[in-house]
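# Descriptive analysis of the structure
Take a look at the letters that make up each chain.
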Amino acid sequence: QVRVVESGGGLVQGGGSLRLSCVVSGSIFSINTVHWYRQPPRKQRELVANITPEGRTRYVDAVKGRFTISRDNAKNTTYLQMDSLKPEDTARYYCLGVVVASPGAKENAYWGQGTQVTVSS
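What this report covers is the structure whose coordinates are included nearby. (Residues numbered from 1 in each chain as written. Predicted model: local features only at pLDDT ≥ 70, side-chain atom pairs only at ≥ 80, totals over all residues. Heavy atoms only, no water.)

### Re the pairing of strand E10 (residues 107–111)
Condition: By this definition, two strands are paired if DSSP reports at least two bridges between them. Only DSSP runs of H or I reaching four residues or more are called helices, and only runs of E reaching two or more are called strands; each is numbered from the N terminus.
When strand E9 (residues 91–100) meets E10, the two strands line up antiparallel, connected through five bridges. Bridging across to E10, Gly97 finds its partner in Tyr110. Between the end of E9 and the start of E10, which pair antiparallel, lie six residues, with Gly104 showing a positive phi angle near 85 degrees.

### Focus: the pairing of strand E1 (residues 2–7)
Formally: Burial classes: relative accessible area under 20% of the type maximum marks a residue as buried, over 50% as exposed, and values in between as partly exposed (1.4 Å probe, protein chains only).
Only one face of E1 is buried: it carries Val2, Val4 and Glu6, and the other face, with Arg3, Val5 and Ser7, is open. Examined bridge by bridge, E1 and strand E3 (residues 18–26) share six bridges and lie antiparallel to one another. Its bridge partner being in E3, Val2 is matched across the sheet by Gly26.

### Side note on empty space enclosed by the protein
To keep it simple, the criterion reads: A cavity here means a set of 1 Å grid points, computed over protein atoms only, where a 1.4 Å probe fits but cannot escape. A pocket is an open set with protein on both sides within 12 Å along at least 5 of 7 lines, and lining residues have an atom within 4 Å of a point. Grid points are joined across faces, edges and corners, and a volume is the space filled by probe spheres set on the points. Lys, Arg, Asp and Glu make up the charged group, whereas Ala, Val, Leu, Ile, Met, Phe, Trp, Tyr, Cys and Pro make up the nonpolar group; the residues left over, Gly among them, are polar.
One pass over the full model with this rule turns up one cavity of 30 Å³ or more. By volume, the largest cavity amounts to about 30 Å³. Lining the largest cavity are Val24, Ile31, Val34, Arg71, Asp72, Asn73, Asn76, Thr77 and Thr78. Residue assignment for the lining of the largest cavity shows that the elements contributing at least two residues are strand E4 (30–39), strand E7 (67–72) and strand E8 (77–82). Of the residues in the lining of the largest cavity, the class split is three nonpolar, four polar and two charged.

### Remarks on the state of the cysteines
Filter applied, for reference: By disulfide we mean two sulfur atoms from cysteines, separated by a distance within 2.5 Å.
What the rule picks out here adds up to one disulfide. Residue pairing for Cys22: its cysteine sulfur links by disulfide to Cys95, the two sulfurs lying 2.0 Å apart. Measuring the twist about the S-S bond at about -75 degrees, one finds the Cys22-Cys95 disulfide to be left-handed. Taken together, the positions of Cys22 in strand E3 and Cys95 in strand E9 put the pair 73 residues apart, joining distant regions of the chain.

### Looking at the sheet that holds E8
For the record, the criterion: Interaxial angles span 0 to 180 degrees and are taken between N-to-C directions of axes, which are lines fitted to C-alpha atoms, for helices over the stretch in contact.
Read from one edge of the open sheet, four strands run E1-E3-E8-E7, paired in antiparallel fashion. Where the open sheet ends on each side, the last strands, each with one partner, are E1 and E7. Along the sheet, successive strands turn relative to each other by an average axial angle of 15 degrees, direction set aside. Note: E3 against E8, six bridges, orientation antiparallel.

### Quick notes on unusual backbone geometry
Even without glycine at this site, Arg42 takes up a positive phi of about 65 degrees. Within the secondary structure, Arg42 sits in the loop between E4 and strand E5 (46–51). The exposed category is assigned to Arg42, whose relative accessible area is 83%. One non-glycine residue, Ser84, lies in positive phi territory at about 50 degrees. Take Ser84: it is sitting in the loop between E8 and E9. Residue classification places Ser84 among the partly exposed residues on the basis of a relative accessible area of 41%.

Dropping the structure here:
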């Protein structure tokens, strides 16, 4: 069984910062790409950023230059540093971990429950 747990959300004023964490635990052989998504109120879930095991990153245009994704492979943890936050960043943020449970097994993707980020104006 694989578990994905996000933390670090909260209420922050516009211009402020938050750091989200995503811990993947359980039956893990390797963790492949890890994605951060967000779902604003009454909108669809959207990709924010992702990072490969080798550290290659990708960002949606709306967060480039403000958000930084990183990972600590030894801790099975991925971070999303969010700076210069805007009210339009308000959303529930979800982590999606792509995991291989054992050698030779196919990869599967696992969602966390999300963490709420609210940015006041």
